[in-house]
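Structural description and commentary
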Amino acid sequence: MRITIDRKEFLDAIKNVERVMPKKSSLTALQNVFITANHTGIKVISTDLDYTIIIELSGDIFDPGLTIIPAETVKVVKAIKT
């Protein structure tokens, strides 16, 4: 996956989806942020199985794909100054 998106818009999306990400869970998959980019657009997704947040972002998609960002990486991304 290769995309270009606005940095502030991406950081705002990460901060919003992190709200439903459980701090501790027996299902480690829930402690990740899912990012997908395809012909329908770019989406940032997180869930705790009760609630799911899906944020659609604008940007350029050069190579469609998907990735999962672990909670530890989300903390680093949030620390980036805008």
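Since we're looking at a predicted model, the values are computed, not measured.

Further remarks concern the pairing of strand β2 (residues 32-38). Burial runs high along β2: 5 of the 7 residues are buried. Where β2 lies against strand β6 (residues 65-70), 6 bridges are found, and the strand directions are antiparallel. Note that in β6 the partner of T36 across the bridge is L66. With antiparallel pairing between neighbouring strands as the criterion, β2 and strand β3 (residues 41-47) make up a hairpin whose turn holds 2 residues.

In the Ramachandran plot, L49 falls in the positive-phi region, its phi being about 80° despite a non-glycine side chain. A relative accessible area of 59% means that L49 is categorised as exposed.

A sheet is described by the order of its strands in space; here 4 strands give the open sequence β4-β3-β2-β6, paired in antiparallel fashion. The two strands at the open ends of the sheet, each matched to only one other strand, are β4 (52-57) and β6. Going from strand to strand, the sheet's axes swing by 20° on average, the running direction of each strand aside. Pairing of β2 with β3, which is carried by 5 bridges, proceeds in the antiparallel orientation. Note on β3: the bridge partner recorded for T36 is K43. The strands touched by helix α1 (residues 7-18) within the sheet are β2, β3, β4 and β6, with β4 carrying the most contacts at an inclination of about 175°. The strands touched by helix α2 (residues 71-78) within the sheet are β2 and β6, with β6 carrying the most contacts at an inclination of about 90°.

Grouped burial of nonpolar side chains is what soluble globular proteins tend to show. Formed by 19 residues in total, the largest nonpolar core has its most connected members in F10, I14, V33, V44 and L57. For this core, the elements supplying multiple residues, two or more each, are α1, β2, β3, β4 and α2. If near-sequence neighbours (up to four positions away) are discounted, V33 is found in contact with I14, V17, M21, V44, I45, T67, I68, I69 and V74.

By the definition in use, this model includes 2 salt bridges. Note that R2 is salt-bridged to D63, the shortest N-O span being 3.5 Å. Of this pair, R2 sits in strand β1 (residues 2-5) while D63 sits in strand β5 (residues 59-63); the two residues are 61 residues apart in sequence, bridging distant segments of the chain. Its salt-bridge partner being D12, residue K8 comes within 3.1 Å of it at the nearest N-O pair. Linking K8 with D12, this pair stays in helix α1, spanning 4 residues, or about one helical turn.

Conventions used here
- Residues numbered from 1 in each chain as written.
- Predicted model: local features only at pLDDT ≥ 70, side-chain atom pairs only at ≥ 80, totals over all residues.
- Heavy atoms only, no water.
- Buried < 20%, exposed > 50% of the residue type's maximum accessible area, 1.4 Å probe, protein only.
- Helix = DSSP H or I, 4+ residues; strand = E, 2+ residues; numbered from the N terminus.
- Pairing = 2+ DSSP bridges.
- Axes fitted to C-alpha atoms, helices over the stretch in contact; angles between N-to-C directions.
- Contact = heavy atoms within 4.5 Å.
- Core = buried A, V, L, I, M, F, W, Y, C linked by side-chain atoms within 4.5 Å.
- Salt bridge = Lys/Arg side-chain N within 4 Å of Asp/Glu carboxyl O.

Bear in mind that shape data such as this cannot, by itself, settle questions of function.
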